[in-house]
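Remarks on the overall topology
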Amino acid sequence: MDGFISFSQLNDFLYSPLTLYLHECYTPFTTSLYHDTPQTAGKNVHETIDNNKYKKKGWITGMRLCSPALGIYGKADLYNEKTGELVERKRLIKHIYDGYKMQVWGQYYALQEMGYTVSAIYLHSLADNTRYSLGIAKDRDFQSLNKLLTRIRAYSPDFKTVTTIQNNSLQS
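So, here's what we can say about the structure. (Residues numbered from 1 in each chain as written. Predicted model: local features only at pLDDT ≥ 70, side-chain atom pairs only at ≥ 80, totals over all residues. Heavy atoms only, no water.)

Attention shifts here to the pattern of salt bridges. Tallying each qualifying case throughout the model produces one salt bridge. In this structure, the salt-bridge partner of Lys 90 is Glu 88, at a minimum N-O distance of 3.6 Å. Judged on exposure class, the residue Lys 90 and its partner Glu 88 are both buried. (Salt bridge = Lys/Arg side-chain N within 4 Å of Asp/Glu carboxyl O. Buried < 20%, exposed > 50% of the residue type's maximum accessible area, 1.4 Å probe, protein only.)

And the structure:
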């Protein structure tokens, strides 16, 4: 992949590099072609943030972020400029996956690069209203994020696998 990488692509790649590749192929088309029920439900949860319907004093919603140094961009779900809290919301968190961490660490580093202070990082599970503290990213987390970005940029799918998947989906 060339160019800037979105925060959500960090999570997608760790879930499945091929999935991220196929998302990029299908982007010009309607999401119903490549989103399964969990992705659709997750996107629906973000509507309050994306449409600026979440109103809570002191919180910035859907804040656009960019880190030219890392080559990443996207939106932070919630950021409190007074307290420095950064919150990434998920529909339901059953397990804290590395992809979730990479996504919010990317936001953290972008905020820092943009001159903002982050005092706490949380993942928030909306379905059960549970908040998980991730602590502040450390040097090893920054190194992990950089390694992931290198892997994403170097990724080239096995086209035999891609062709098999496409043929199977056409026969369904």
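Further remarks concern the environment of Tyr 122. Within the secondary structure, Tyr 122 is located in strand S5 (residues 120–125). C-alpha separation for the pair Tyr 122 and Val 87, spaced 35 residues apart in sequence, amounts to 4.8 Å. Every residue in contact with Tyr 122, bar those within four places of it in the chain, is listed here: Glu 85, Leu 86, Val 87, Glu 88, Arg 131, Tyr 132 and Ser 133. (Helix = DSSP H or I, 4+ residues; strand = E, 2+ residues; numbered from the N terminus. Contact = heavy atoms within 4.5 Å.)

Running from N to C, helix H1 (residues 7–15) and helix H5 (residues 98–113) cross one another at 155°; their axes reach a closest spacing of 8 Å. Taken together, the axes of H1 and H5 lie roughly antiparallel to each other. The way H1 lies across H5 gives a crossing that is right-handed. Contacts from Phe 7, Ser 8, Leu 10, Asn 11 and Leu 14 of H1 reach H5 at Asp 98, Gly 99, Tyr 100, Met 102, Gln 103, Gly 106, Gln 107 and Ala 110. Split into classes, the residues belonging to the contact of H1 with H5 amount to six nonpolar, six polar and one charged. (Axes fitted to C-alpha atoms, helices over the stretch in contact; angles between N-to-C directions. Parallel < 35°, antiparallel > 145°, perpendicular 65-115°, else oblique. Left-handed = near helix turned anticlockwise from the far one by under 90°. Nonpolar A, V, L, I, M, F, W, Y, C, P; charged D, E, K, R; others polar.)

It is worth stressing that arrangement in space is one thing and function is another; only the former is reported here.
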